[in-house]
Amino acid sequence: MATQRTLSIIKPDATRRNLTGAINQRFEEAGLAIVAQRRVRLTEEQARAFYAVHRERAFYDDLCAFMTSGPVVVQVLEGESAVEANRTIMGATNPANADPGTIRAAFGESVEANSVHGSDSAENAAIEIAFFFAETDIVG
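Attention in this report is confined to the structure presented alongside it. (Residues numbered from 1 in each chain as written. Predicted model: local features only at pLDDT ≥ 70, side-chain atom pairs only at ≥ 80, totals over all residues. Heavy atoms only, no water.)

**Some words on the nonpolar core**
Stated formally: Nonpolar cores were defined as sets of buried Ala, Val, Leu, Ile, Met, Phe, Trp, Tyr and Cys residues, with membership established by side-chain atoms within 4.5 Å. Each residue is assigned to one of three classes by its accessible area relative to the maximum for its type, calculated with a 1.4 Å probe on protein chains only: buried under 20%, partly exposed between the two thresholds, exposed over 50%. The helix count covers DSSP runs of H or I at least four residues long, the strand count covers runs of E at least two residues long, and both are numbered beginning at the N terminus. By definition, residues are in contact when any of their heavy atoms lie within 4.5 Å.
In terms of nonpolar packing, the biggest core is built from 21 residues, with I9, M67, F132 and F133 touching the most fellow members. By residue number, the principal contributor to this core is helix α4 (residues 60-67), which donates 5 residues. Setting aside anything within four residues of it in sequence, one finds F133 in contact with L7, A36, Q37, R38, V74, Q75, V76 and I138. A14, L19, L77 and I89 belong to the second largest nonpolar core, which has 14 residues in total.

**Details of the pairing of strand β3 (residues 72-80)**
How we decide: Pairs of strands are assigned from DSSP output, requiring at least two bridges between the strands.
Most of β3 sits inside the fold, with 7 of its 9 residues counted as buried. As judged from the 8 bridges shared by strand β1 (residues 3-10) and β3, these two strands associate in the antiparallel manner. The residue of β3 that forms the bridge with I9 is V74. As defined by bridge partners, strand β2 (residues 33-40) adjoins β3 across 7 bridges and the pair is classed as antiparallel.

**Concerning the packing of aromatic side chains**
Applicable threshold: Two rings from Phe, Tyr or Trp (for Trp, the six-membered ring) form a pair when their centres are within 6.5 Å of each other. A pair whose planes differ by under 30 degrees is stacked, one over 60 is edge-to-face, and the rest are tilted.
Per the counting criterion, the structure on display carries 4 aromatic pairs. Taking the centre distance of 4.9 Å and the plane angle of 90 degrees together, the rings of F50 and Y51 count as edge-to-face. Exposure class is identical for F50 and Y51. Each is buried. On the basis of an interplanar angle of 65 degrees and a centroid distance of 5.3 Å, the ring pair of F50 and F131 is categorised as edge-to-face. Separated by 81 residues along the polypeptide, F50 in helix α3 (residues 44-50) and F131 in helix α7 (residues 122-132) bring together distant segments of the chain. In this structure F131 comes out as partly exposed when scored by relative accessible area, which is 34%. Through a chain of ring-to-ring contacts, three or more aromatic side chains come together here, namely F50, Y51, F131 and F132.

These values are about where atoms sit, not about what they do.
Printed below as a string of structure tokens:
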């Protein structure tokens, strides 16, 4: 297995409820290191650009509105098979279908307000990380 990096976003529903520390603890306990982190308030333009892959889908406008509704924590996680590990830790998109012990099962409120975003592939992780961070921002 190879060491990888992946992007994680702690979404507005979770930052509103002060869950950043609890969520980060789950990443770290699973062996993922947080090698870059920033709390930001996405602009509409940033949200639309980041989620452009979904622009033709019915939920796109609502997703962009939600992601700009409060601060988010963008971060780079690093570890063995980080993309897959993070997706396992996050759980299913719909918190009602997420396995017990996952972030979304524990903290998610709905399909949209499911507390976290994570890259779905190594290729997308590289693109998503570069969207928010310069290589010099990442300290391992």
